[in-house]
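Single-letter residue listing:
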Amino acid sequence: MLKEFREFAMKGNVVDLAVAVIIGAAFGKIVDSLVGDIIMPIVGAITGGLDFSNYYLPLSSKVHTGIAYVDARKEGAVLGWGQFLTFLVNFVIVAFVLFLVVQAMNRMKARLAAPAAAAPEAPKPPPADIVLLTEIRDLLKR
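This write-up is about the structure you can find in this document. (Residues numbered from 1 in each chain as written. Predicted model: local features only at pLDDT ≥ 70, side-chain atom pairs only at ≥ 80, totals over all residues. Heavy atoms only, no water.)

1. Details of the overall build of the chain
Secondary structure assignment for the chain yields 5 helices and 2 strands. Seen in sequence order, the chain has helices and strands lined up from the N terminus as α-α-β-α-β-α-α. Relative to its length of 142 residues, the chain is extended, with a C-alpha radius of gyration of 32 Å against a globular reference of 14 Å. Considered along the principal axes of its C-alpha atoms, the chain spans approximately 110 × 55 × 25 Å. When each of the 142 residues of the chain is scored for burial, the buried share is 11%. Partitioning the contacts of the chain with sequence separation of at least 6, the portion at a separation of at least 24 is 42%. If you sum the accessible surface of the chain, you get close to 11600 Å²; carbon and sulfur atoms cover 70% of it. Separation of charge centres in the chain, based on 14 positive and 12 negative side chains, amounts to 4 Å. (Helix = DSSP H or I, 4+ residues; strand = E, 2+ residues; numbered from the N terminus. Rg over C-alpha atoms; globule rule 2.2 N^0.38 Å. Buried < 20%, exposed > 50% of the residue type's maximum accessible area, 1.4 Å probe, protein only. Contact = heavy atoms within 4.5 Å. Areas by Shrake-Rupley, 256 points an atom, 1.4 Å probe, with all protein chains shown as cover. Lys, Arg positive; Asp, Glu negative; His and termini not counted. Charge placed at Lys NZ, Arg CZ, Asp CG, Glu CD.)

Here is the structure:
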């Protein structure tokens, strides 16, 4: 059983998937920082200093308005639409970057495949028996 697991774990696809997950997690942290530390503060500055992460709608009468979202969650049920907006921007950025990566890879594949497909093949000479039969036919016609 251990041997089967080792064979499974060492297959190329499993290792590739593990590398992709690790890189994806690191990329997610970069995008989180990009959204939280760069994009949303710029959006907040444009909109007059609004901090979207603290926008929420209280769903319980126990929740006091005007406090931070984290504190409001401790008091009761809240609808954190500002936090959702931040995560939505995060998702759009990740999806757009992945789109650009896939598009670039498709272009590279097309460039690598294009020279081989564009080069015309030289016509192959006919086999010797066909040449001989053609000569015999031509002699019989004369």
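Structure shown, so let's carry the discussion forward.
2. Observations concerning the pattern of salt bridges
This structure, assessed with the given rule, holds 1 salt bridge. Salt-bridge contacts for R137 lead to D138; the nearest nitrogen and oxygen are separated by 3.2 Å. On the accessibility criterion, D138 (29% relative accessible area) is partly exposed. (Salt bridge = Lys/Arg side-chain N within 4 Å of Asp/Glu carboxyl O.)

3. Description of a nonpolar patch on the surface
Residues I130, L132, L133, I136 and L140 make up a contiguous nonpolar surface patch of about 510 Å² in total accessible area. For I136, a relative accessible area of 40% translates into the label partly exposed. (Patch = residues over 30% accessible without salt bridge, like charges linked within 9 Å, V, L, I, M, F, W, Y side chains within 5 Å.)

4. Observations concerning the packing of aromatic side chains
For any pair of aromatic rings, the description consists of the separation of the ring centres together with the inter-plane angle of the planes. With the rule as written, the count across this model stands at 3 aromatic pairs. Each ring, one from Y56 and one from Y69, has its centre 6.1 Å from the other, and the planes form 45 degrees; the classification is tilted. With a gap of 13 residues between them, Y56 in the loop between α2 (12-46) and β1 (57-58) and Y69 in helix α3 (residues 69-75) connect regions that are remote in the sequence. (Phe/Tyr/Trp six-rings, centres within 6.5 Å; stacked < 30°, edge-to-face > 60°.)

5. Remarks on the side chain of T86
By the secondary structure assignment, T86 is in helix α4 (residues 81-118). Apart from residues lying up to four places away in sequence, T86 is in contact with V35, M40, F52 and S53.

6. So, the environment of H64
Its place among the elements puts H64 in the loop between β1 and α3. Separated by 11 residues in sequence, H64 and E75 have C-alpha atoms that sit 7.9 Å apart. Contacts of H64, omitting those with residues within four sequence positions, involve Y56 and E75.

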